[in-house]
Amino acid sequence: MGAAVTPEIVDAHHHVWDLSARDQEWITGEALAPIRRNFSLDDLLPDARAAGVGATVLVQTVTAAEETPEFLALAAESDLVAGVVGWTDLTRPDVSDALAAIRQLPGGQHLVGIRHQVQSEPDPQWLLRPDVRRGLAAVGTAGLAYDLVVLPHQLPACVKAAQEHPELTFVLDHVGKPPIASGALEPWAGAVRSLAALPNTVCKLSGLVTEADPKDWTVDDLRPYADTVLEAFGPDRLMFGSDWPVCTLAATYAEVVEAARELTDALSATERAALFAGTATRVYRLRPPRLSVVG
């Protein structure tokens with residue numbers, strides 16, 4: 001018999017940025033001031049390793065074509081980053097060619113998905129525009145996933161987009177950014193359940209601490225929202241993500257991992273393995289060398 005392969009944690013959602021290379025225009029105001037500085041993989045690595053993270057997915061931050069090649073090059077040189085969710089303009093008529101060109105870049109084999117800052121689009125139906133629909137179809141044809149970073153009022157359009165593109169896996173980031181600080185569940189919960197009813201959707205258990213009261217959150221504050229997506233998607237369609245370094249506005253990396261463990265403490269060992277590693281590995285088609293081999 002061959003050696004048993006035991007996956008470590010896969011952090012399916014984190015960022016890096018260098019303000020000297022490119023501004024992060026979204027980092028404005030007093031509340032975000034603590035993260036208006038550079039964050040590198042070297043900054044992340046000690047905390048990730050200490051938490052038992054064996055692989056990560058590096059996710060785009062801005063709608064700049066130059067960022068994705070930089071992230072792919074980082075992944076090519078890293079023994080931590082196993083995949084990159086990048087950006088390309090979905091509305092361009094030659095999006096299929098653009099995706100193919102990205103994959104030819106150094107590290108291009110690490111491209112696992114595409115994301116756009118839909119949360120910043122004023123049109124709640126942006127995902128349903130004809131040019132965007134064409135772009136989503138191209139992402140599906142390329143065998144990539146599509147990350148959804150949206151606000152609750154945009155979730156109905158996500159449902160329609162997922163219905164229209166059954167060949168494309170949609171990954172809901174940050175459980176759809178529910179209003180945790182207010183304690184309200186609806187209409188977010190109903191919209192999330194509608195999305196989860198579609199088989200080509202998965203969800204990231206990420207971004208919760210910054211949607212709660214960043215200075216005074218508790219795991220109990222997060223639990224109703226985590227329970228909602230656990231019930232709706234199930235652990236085989238949920239994946240853990242830290243949302244580092246944004247999470248540092250409310251918690252340390254270790255605290256985010258511990259909160260996720262507490263929120264999933266009722267799951268079986270098999271279910272926890274799926275949520276903390278298996279789902280991300282499958283959905284993003286991450287490469288197995290990032291796994292620990294037990295003899």
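Going along each chain's sequence as written, the residues are numbered from 1 onward. Totals for whole chains, interfaces and linings use all residues, but because this is a predicted model, local features are given only for residues with pLDDT of at least 70 and pairs of side-chain atoms are given and counted only at 80 or more. Water and hydrogen atoms were dropped before computing side-chain values, which therefore reflect all heavy atoms in the structure.

So, about the environment of L58. Numbering of helices and strands runs from the N terminus; a helix is a DSSP stretch of H or I covering at least four residues, while a strand is a stretch of E covering at least two. Take L58: it is sitting in strand β3 (residues 53-59). Relative accessibility decides the category of a residue: with a 1.4 Å probe and only protein chains considered, values under 20% of the type maximum give buried, values over 50% give exposed, and everything between is partly exposed. Of the residues examined, L58 reaches a relative accessible area of 0% and is grouped as buried. It is 8.1 Å that separates the C-alpha atoms of L58 and A82, two residues lying 24 residues apart in sequence. Between two residues, a contact is recorded if the distance between any of their heavy atoms is within 4.5 Å. Apart from the residues within four sequence positions on either side, L58 is in contact with H14, H15, V16, F71, L74, V81, G83, V84 and V85.

Attention now moves to the pattern of salt bridges. Whenever a carboxyl oxygen of Asp or Glu lies within 4 Å of a side-chain nitrogen of Lys or Arg, that contact is scored as a salt bridge. What the rule picks out here adds up to 10 salt bridges. In this structure, E70 and R22 form a salt bridge, with 2.8 Å as the shortest nitrogen-oxygen distance. Here R22 lies in the loop between β2 (9-14) and α1 (41-50) and E70 lies in helix α2 (residues 67-77), a separation of 48 residues in the sequence. Since its relative accessible area comes to 38%, E70 is described here as partly exposed. One salt bridge in this structure joins D23 and R36, with 2.8 Å as the shortest N-O distance. Of this pair, D23 sits in the loop between β2 and α1 while R36 is found in the loop between β2 and α1, placing the two residues 13 residues apart along the sequence. A relative accessible area of 37% means that D23 is categorised as partly exposed.

Our focus in this paragraph is the confidence of the model for the protein chain. pLDDT is a residue-level measure of predictor confidence that goes from 0 to 100. Mean pLDDT for the protein chain: 94, with 95% of residues reaching 70 or above. Counted against residues more than four places away or in other chains, residues 1-6, with its pLDDT under 50, gives 10 contacts.

Okay, a negative patch on the surface next. For patches, a residue must show more than 30% relative accessible area and have no salt bridge; joins then use 9 Å for like charges and 5 Å for nonpolar side chains, namely Val, Leu, Ile, Met, Phe, Trp and Tyr. Working definition of accessibility: Shrake-Rupley area with a 1.4 Å probe, residue cover restricted to the visible protein chains. Here the positive residues are Lys and Arg and the negative ones are Asp and Glu; neither His nor the chain ends is included. Lysine's charge is taken at NZ, arginine's at CZ, aspartate's at CG and glutamate's at CD. A contiguous patch of negative charge on the surface is contributed by D213, D216, D220, D221, E258, E262 and D265. At the level of elements, α7 (219-233) and α8 (253-263) are the ones that each hand at least two residues to the negative patch. Counting through the fold element by element, D265 comes out in the loop between α8 and α9 (269-283).

Within the secondary structure, N200 sits in the loop between α6 (188-196) and β8 (201-205). Owing to a relative accessible area of 10%, N200 belongs among the buried residues under this scheme. Polar contact criterion, stated in full: a pair of N or O atoms within 3.5 Å, where within protein one must be able to donate a hydrogen and the other to accept it, and residues adjacent in sequence count only if both atoms are side-chain atoms. Within the structure, the side chain of N200 is placed 3.0 Å from the backbone oxygen of H165, a separation counted as a polar contact. Polar contacts involving the side chain of N200 include one to the main-chain carbonyl oxygen of L168, which spans 3.0 Å. With near-sequence residues (within four places) excluded, N200 lies in contact with A162, H165, P166, L168, T169 and F170.

This paragraph deals with unusual backbone geometry. In this model, E186 is joined to P187 through a cis peptide bond whose omega is 5°. Position of P187 relative to the elements: it lies in the loop between β7 (170-172) and α6. Cis geometry marks the peptide bond from W244 to P245, where omega comes out at 0°. Mapped onto the elements, P245 comes out in the loop between β9 (238-240) and α8. For V175, which is not glycine, the phi torsion reads 45° and is therefore positive. The topology assignment puts V175 in the loop between β7 and α6. The class for V175 is buried, based on a relative accessible area of 0%.

Moving on, we come to the side chain of H116. For H116, the position within the fold is in strand β5 (residues 111-116). The exposure class of H116 is buried, given its relative accessible area of 10%. Within the structure, H116 has its side chain in polar contact with the side chain of E121 (distance 2.8 Å). For H116, the contacting residues outside a window of four places in its chain are Q60, T63, W87, E121, W126, Y146, D147 and V149.

Before going further, it helps to examine the nonpolar core. Core analysis: the biggest nonpolar cluster contains 83 residues, and L90, L127, L136, Y146, W217, L222 and V229 have the highest contact counts within it. At 7 residues, α7 tops the list of elements feeding residues into this core. What V229 contacts, discounting residues up to four positions off in sequence, is V175, W188, V192, C203, L205, G234 and L238. By convention a nonpolar core is built from buried Ala, Val, Leu, Ile, Met, Phe, Trp, Tyr and Cys residues, the set being connected through side-chain atoms within 4.5 Å.

With that settled, the discussion passes to the environment of D216. Its place among the elements puts D216 in the loop between β8 and α7. In this structure, the C-alpha to C-alpha distance between D216 and S242, residues 26 residues apart in sequence, is 18 Å.

Considering the arrangement of structural elements, one finds D236 in the loop between α7 and β9. In the structure, D236 is positioned 35 residues away from E271 in sequence and 7.0 Å away in space, judged by C-alpha atoms. Among residues more than four places away in sequence, those in contact with D236 are A274, T279 and R282.

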